[in-house]
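Listed below, chain by chain, are the residues.
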Amino acid sequence: LRHHMGDPIRILPSIGVGLRQQGISYGSAATAESVLAIYAAHLERAREAPVDGIQLLDRCAVDALCYTRALELNSETEVRLLTEVSHAMAADLDFVVHLTMGGIFATSTASHETPELRQRVAAEFAKALADLSRPHCSVYAAAPDAIAEAVSEIRKIQSTYLSSR
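Residues numbered from 1 in each chain as written. Predicted model: local features only at pLDDT ≥ 70, side-chain atom pairs only at ≥ 80, totals over all residues. Heavy atoms only, no water.

Caption draft 1: The overall build of the protein chain, seen in detail. From N to C terminus, the protein chain includes 7 helices and 4 strands. Beginning at the N terminus, the succession of helices and strands in the protein chain can be written as α-β-α-α-β-α-α-β-α-β-α. Buried positions account for 37% of the 165 residues belonging to the protein chain. Sequence separation of at least 24 residues holds for 79% of the intrachain contacts in the protein chain that already meet a minimum separation of 6. With the model as given, the accessible surface of the protein chain reaches about 9,400 Å², and the carbon-plus-sulfur share is 55%. (Helix = DSSP H or I, 4+ residues; strand = E, 2+ residues; numbered from the N terminus. Buried < 20%, exposed > 50% of the residue type's maximum accessible area, 1.4 Å probe, protein only. Contact = heavy atoms within 4.5 Å. Areas by Shrake-Rupley, 256 points an atom, 1.4 Å probe, with all protein chains shown as cover.)

This is the structure in C-alpha cells:
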C-alpha cells in the first residue's frame, strides 16, 4: 500500500509479532487473560503511534472487539470494559477497510484459529462496525482488484486529510 499511496502514510507494526515474542496466546488458543493482554498491546501501539499523517493498522479495535465477543472467554464486566475501550480506540479510526474472508477463504484458517472461530469473528464484524459507528468498506480479499479498491478508499481519506491541513 505504501508503494501506491506515498507519504504521509505509515503502516504501523503488527501486534502479532510482539504477542508471539511474549508468549501470549491468541486466536483459538486465547484465554481471558490473553484477551486483556491483546487489548494492552493495541493501546500501547496507539499510544506510541505518530500523531501526524495517516496510519494503517493490520488489526484494530474492531478486530479486538470481534474476537472478544466470538471467544466468549471474559466475564460480563470485562466484556463491558473492553467494549468501552474499543469505542474509545475506534473514535480515532477515520475509516476501516474490512477484508472479507469468504469465498475461497471460507474454509481456510490461519495456524492460530479454527474455521469455527473464523466464522464467529466474521459474523461479529458487521455488528461491531455498526456498534462502533465507524465509516467503512468491505473488500473481498481474493478479488483481483482488492488492493486497488482498498487504495481507492484510503485515497479518499488521504485527500480529506491533506485538504484539512
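Caption draft 2: Inspection of the nonpolar core at higher detail. The biggest cluster of nonpolar side chains holds 24 residues, and the ones touching the most others in it are Y39 and V62. The set of elements that each furnish at least two residues to this core consists of helix 3 (32–48), helix 4 (61–71), helix 5 (76–90) and helix 6 (115–132). Sort the elements by how many residues they give to this core and helix 4 lands first, with 8 residues. Here Y39 is in contact with A64, L65, T68, L82, V85 and S86, once residues within four sequence places are set aside. In terms of nonpolar packing, the next biggest core, distinct from the first, is built from 6 residues, I15, L19, Y26 and I38 among them. (Core = buried A, V, L, I, M, F, W, Y, C linked by side-chain atoms within 4.5 Å.)

Caption draft 3: A look at helix 4. Here helix 4 lies mainly inside the structure; 10 of its 11 residues are buried. Taken as a whole, helix 4 has its buried residues at A61, V62, D63, A64, L65, C66, Y67, T68, A70 and L71. With its phi angle positive at about 55°, E72 sits one or two positions after the end of helix 4.

Caption draft 4: How the structure looks around the pattern of salt bridges. Taken as a whole and judged by the stated rule, the model has 5 salt bridges. Two residues, R69 and D131, come together in a salt bridge whose shortest N-O distance is 2.6 Å. Within this pair, whereas R69 is found in helix 4, its partner D131 is found in helix 6, the two being separated by 62 residues in sequence. Note on R69: relative accessible area 22%, which makes it partly exposed. What emerges from the salt-bridge pattern is a single network uniting R69, E124, K127 and D131. (Salt bridge = Lys/Arg side-chain N within 4 Å of Asp/Glu carboxyl O.)

Caption draft 5: Up close: helix 3. With 17 residues, helix 3 extends 25 Å between its outermost C-alpha atoms, agreeing within 8% with the 24 Å of an ideal straight helix rising 1.5 Å per residue. Restricting attention to buried positions, one finds in helix 3 the residues S34, V35, I38, Y39, A41, H42 and R45. Looking straight down helix 3, one finds that the buried residues subtend no more than 155° of arc, so they occupy a single side. Seen from the open side of helix 3, the exposed residues pointing more than 90 degrees away from its buried face are E33, R47 and E48. (Expected span 1.5 Å × (residues − 1). Arc of directions from axis to C-beta.)

Caption draft 6: Here's a closer look at the packing of helix 3 against helix 5. Put simply, helix 3 and helix 5 touch, their axes get as near as 12 Å, and they point 15° apart. In terms of their interaxial angle, helix 3 and helix 5 are classed as roughly parallel. Considering the relative orientation of helix 3 and helix 5, their crossing is left-handed. Contacts from V35, L36, Y39, H42 and L43 in helix 3 reach E78, L82, V85, S86 and M89 in helix 5. Its residues placed into classes, the contact of helix 3 with helix 5 shows 7 nonpolar, 2 polar and 1 charged. (Axes fitted to C-alpha atoms, helices over the stretch in contact; angles between N-to-C directions. Parallel < 35°, antiparallel > 145°, perpendicular 65-115°, else oblique. Left-handed = near helix turned anticlockwise from the far one by under 90°. Nonpolar A, V, L, I, M, F, W, Y, C, P; charged D, E, K, R; others polar.)

Caption draft 7: Focus on the packing of helix 4 against helix 6. Packing of helix 4 against helix 6 brings their axes to within 8 Å, and their N-to-C directions diverge by 125°. In terms of their interaxial angle, helix 4 and helix 6 are classed as oblique. As for how helix 4 packs across helix 6, the hand of that crossing is right-handed. Of helix 6, the residues touching helix 4 (which contributes V62, D63, L65, C66, Y67, R69, A70 and L71) are L117, R120, V121, E124, F125, K127, A128, L129, D131 and L132.

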